[in-house]
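These are the residues of each chain, in order.
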Amino acid sequence: MTFEIYKLSKNLGAEVKGLDLQGTLSPSIRTKVNDAFVENNILVFRNQNLNAKQFLAAAKQLGQPTIQKLSQYKVPGCPMVSYVSNQEKTDAGNPKLLGKAWHTDHSFQPEPPKATLLHGVKLPKRGGDTWFANMRLAYDTLPNKLKDRINGLEAIHAYRESRNVMTKNERNAEILSDAEERKLNIVHPVVRTHDINGSKSIYLNPLRIKRFVGMGPDESSELLQRLIHHSTKDNLVYAHRWRQGDVIIWDNRQTMHRVEHNYDLCEERLMHRIILRGVKPE
Ligand SMILES: [Fe+2]
């Protein structure tokens, strides 16, 4: 089996052409795919005709699938695969549209997943792009003053039901000491070193970061906004326009992502999702 890699944008993302994920990848192909994945942050495989079990078998060739929080979204009969659907409703009966703001997956865990895979099962005719930000390049291009400010800094990641960025008021509502936060929540470095390629990235999850260690809520909000602003500039992001059958794998260690719900909500948008086990950020 041979395959080719085509860049999807100047600074992140690549398409893999010539690989059918229903097939078994040889060890040398797996190594090449994994190398391309780490280098490009995101890989896209088009026209993959996979049911949930086949998708899981494909993911096992790229890492170790792990169970996801939110048990209500598991695919029946295949609990390692969850689904992301715009047909879910809030208690008020409105469409439950998740993932609108920039984030990285499951950062509230001590060992967040190294990667997330999505398979586009049903897609709206247009819209619903998933955006990615290259956090490795974000670190590389950060002004030295900001680099100095975040090198060695840690962030408190808290699990919350809400999927919106925490407001200043919410940050100010609950002031706990750093020691208390460490007991209750998960603390990760703001600059993490990739366990495979050794590069540094800004490890940011605006949905979960409550504040930075040693900083109050206001200073934390200000710094977080500056880092988000820098990391999501046009030259650091890629918007993926989905086609039916696309499989995307992205590297949570060196990207953030968000989805745009800019499509006709009467149309169904259904994805299957798998996360791959990762290591403690360091
Ligand atoms: Fe996500």
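Residues numbered from 1 in each chain as written. Predicted model: local features only at pLDDT ≥ 70, side-chain atom pairs only at ≥ 80, totals over all residues. Heavy atoms only, no water.

A. Broad picture of the domain arrangement of the protein chain. The domains assigned to the protein chain are domain 1 (4-99 + 106-123 + 243-276) and domain 2 (134-231). One C-alpha centre belongs to domain 1, the other to domain 2; they are set 25 Å apart. Taken over both partners, the interface formed by domain 1 and domain 2 buries close to 1,900 Å², and the fraction arising from carbon and sulfur atoms is 58%. At the boundary of domain 1 with domain 2, the tally comes to one salt bridge. (Domains from an automatic or database assignment. Buried area = accessible area lost by both parts, 1.4 Å probe. Salt bridge = Lys/Arg side-chain N within 4 Å of Asp/Glu carboxyl O.)

B. Structural detail: the side chain of Gln48. By the secondary structure assignment, Gln48 is in the loop between β3 (42-45) and α2 (52-60). The exposure class of Gln48 is buried, given its relative accessible area of 4%. In contact with Gln48, other than residues within four places in its own chain, are Leu19, Asp20, Leu21, Gln22, His119, Gly245 and Val247. (Helix = DSSP H or I, 4+ residues; strand = E, 2+ residues; numbered from the N terminus. Buried < 20%, exposed > 50% of the residue type's maximum accessible area, 1.4 Å probe, protein only. Contact = heavy atoms within 4.5 Å.)

C. Broad picture of the coordination of the iron ion. Surrounding the iron ion are the protein donor atoms His103 (NE2), Asp105 (OD) and His257 (NE2), which sit 2.1 to 2.2 Å from the metal. Here the donor residues for the iron ion map to a single chain with the spacing H-x1-D-x151-H. Placement of the pair is Asp105 in the loop between β6 (78-85) and β7 (115-122) and His257 in strand β16 (residues 255-259), with a sequence separation of 152 residues. (Donors = N, O, S within 2.8 Å, 3.2 Å for Na, K, Ca; no water.)

D. Spotlight on unusual backbone geometry. Its identity as a non-glycine residue notwithstanding, Asn41 has a phi of 75°, on the positive side. Under the relative-accessibility criterion, Asn41 is labelled buried at 0%. One non-glycine residue, His106, lies in the positive phi region at around 55°. By the secondary structure assignment, His106 is in the loop between β6 and β7.

E. Expanded view of the nonpolar core. Core analysis: the largest hydrophobic core is formed by 29 residues, its most contacted members being Leu43, Phe45, Leu117 and Ile249. Elements represented by at least two residues in this core include exactly β2 (14-17), α1 (27-40), β3, α2, β6, β7, β15 (247-251) and β17 (270-276). Not counting residues within four places of it along the chain, the set of residues in contact with Phe45 comprises Val16, Leu19, Leu21, Val33, Gly245, Asp246, Val247 and Ile249. With 24 residues, the next largest nonpolar core counts Leu153, Leu223, Ile228 and Val237 among its residues. (Core = buried A, V, L, I, M, F, W, Y, C linked by side-chain atoms within 4.5 Å.)

F. Layout of the sheet that holds β16. The three strands lie next to each other as β14-β8-β16, forming an open sheet whose pairing is antiparallel. The outermost strands of the open sheet, each flanked by one partner alone, are β14 (237-240) and β16. Each strand of the sheet is rotated relative to its neighbour by a mean of 20°, with strand direction disregarded. As paired strands, strand β8 (residues 130-134) and β14 are joined by four bridges and run antiparallel to one another. Across the sheet, residue Thr130 finds its bridge partner in β14, namely His240. (Pairing = 2+ DSSP bridges. Axes fitted to C-alpha atoms, helices over the stretch in contact; angles between N-to-C directions.)

G. Fine view of the pattern of salt bridges. In total, this model carries 14 salt bridges according to the counting rule given. The salt bridge involving Lys122 is made with Glu268; its shortest N-O contact spans 3.6 Å. On the criterion of sequence distance, the pair formed by Lys122 in strand β7 and Glu268 in the loop between β16 and β17 is long-range, its members being 146 residues apart. Classification of Glu268 by relative accessible area gives partly exposed; the value is 31%. One salt bridge connects Glu154 with Arg182, and the closest N-O pair in it is separated by 2.6 Å. Linking Glu154 in strand β9 (residues 154-157) with Arg182 in helix α6 (residues 178-184), this pair joins segments that are 28 residues apart in sequence. Linked through salt bridges whose partners overlap, the residues forming this network are Arg149, Glu219, Glu222 and Arg226.

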